[in-house]
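Chain residues, written in single-letter form:
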Amino acid sequence: SASDVYKRQSQGKSIIDSHWFIFYWIVSHIEYDTRAYTKDKCTDQSPEEVFRKRRGISTGYANLYKYLCDHLHLSCHVVRG
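Please read these numbers as outputs of a predicted model, since none were measured by experiment.

A. Molecular detail of the environment of Thr38. Here Thr38 is to be found in helix α3 (residues 34-38). From its side chain, Thr38 meets the backbone oxygen of Arg35 in a polar contact 3.3 Å long.

So this is what it looks like as structure tokens:
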């Protein structure tokens, strides 16, 4: 699973390096779903769905980031608004 890959890659890394690793992976592999956003057809933005489809909107990015942080035991809070 994705969280297993992150756990292996983050071993021995600083907290900041671990957060950067997650950030970089997400922006490199997840496409922003402009079409869904502009047509107001934002579907499921769960971390599982965003990972599976490889696209999402802001909520999906935040949910995936939080999910991965939780699995690496990194402090993370999603701020809505």
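B. Spotlight on the side chain of Gln45. Relative to the assigned elements, Gln45 resides in the loop between α3 and α4 (47-53). Filtering out sequence-adjacent residues up to four positions away, Gln45 remains in contact with Val50, Gly56, Ile57, Thr59, Gly60 and Asn63.

C. Structural context of the nonpolar core. With 12 residues, the main nonpolar core is built from Ile22, Trp25, Ile26, Ile30, Val50, Tyr61, Leu64, Leu68, Cys69, Leu72, Leu74 and Cys76. Among the secondary structure elements, those contributing two or more residues to this core are α2 (15-29) and α5 (58-71). With four residues, α5 is the largest single contributor of residues to this core. Leave out the neighbours within four places in its chain, and Leu74 touches Ile15, Ser18, His19, Ile22 and Cys69.

D. Looking closely at α2. The end-to-end C-alpha distance of α2, which contains 15 residues, comes to 21 Å, matching closely the 21 Å that a straight helix rising 1.5 Å per residue would cover. All of the buried residues in α2 are Ser18, His19, Ile22, Trp25 and Ile26. In an axial view of α2, the angular spread of the buried residues amounts to 130 degrees, which keeps them on one side of the axis. Within α2, the exposed residues directed more than 90 degrees away from the buried face are Ile16, Trp20 and Tyr24.

Parameters at a glance
- Residues numbered from 1 in each chain as written.
- Predicted model: local features only at pLDDT ≥ 70, side-chain atom pairs only at ≥ 80, totals over all residues.
- Heavy atoms only, no water.
- Helix = DSSP H or I, 4+ residues; strand = E, 2+ residues; numbered from the N terminus.
- Polar contact = N/O pair within 3.5 Å; in protein donor to acceptor, adjacent residues only side chain to side chain.
- Contact = heavy atoms within 4.5 Å.
- Core = buried A, V, L, I, M, F, W, Y, C linked by side-chain atoms within 4.5 Å.
- Buried < 20%, exposed > 50% of the residue type's maximum accessible area, 1.4 Å probe, protein only.
- Expected span 1.5 Å × (residues − 1).
- Arc of directions from axis to C-beta.

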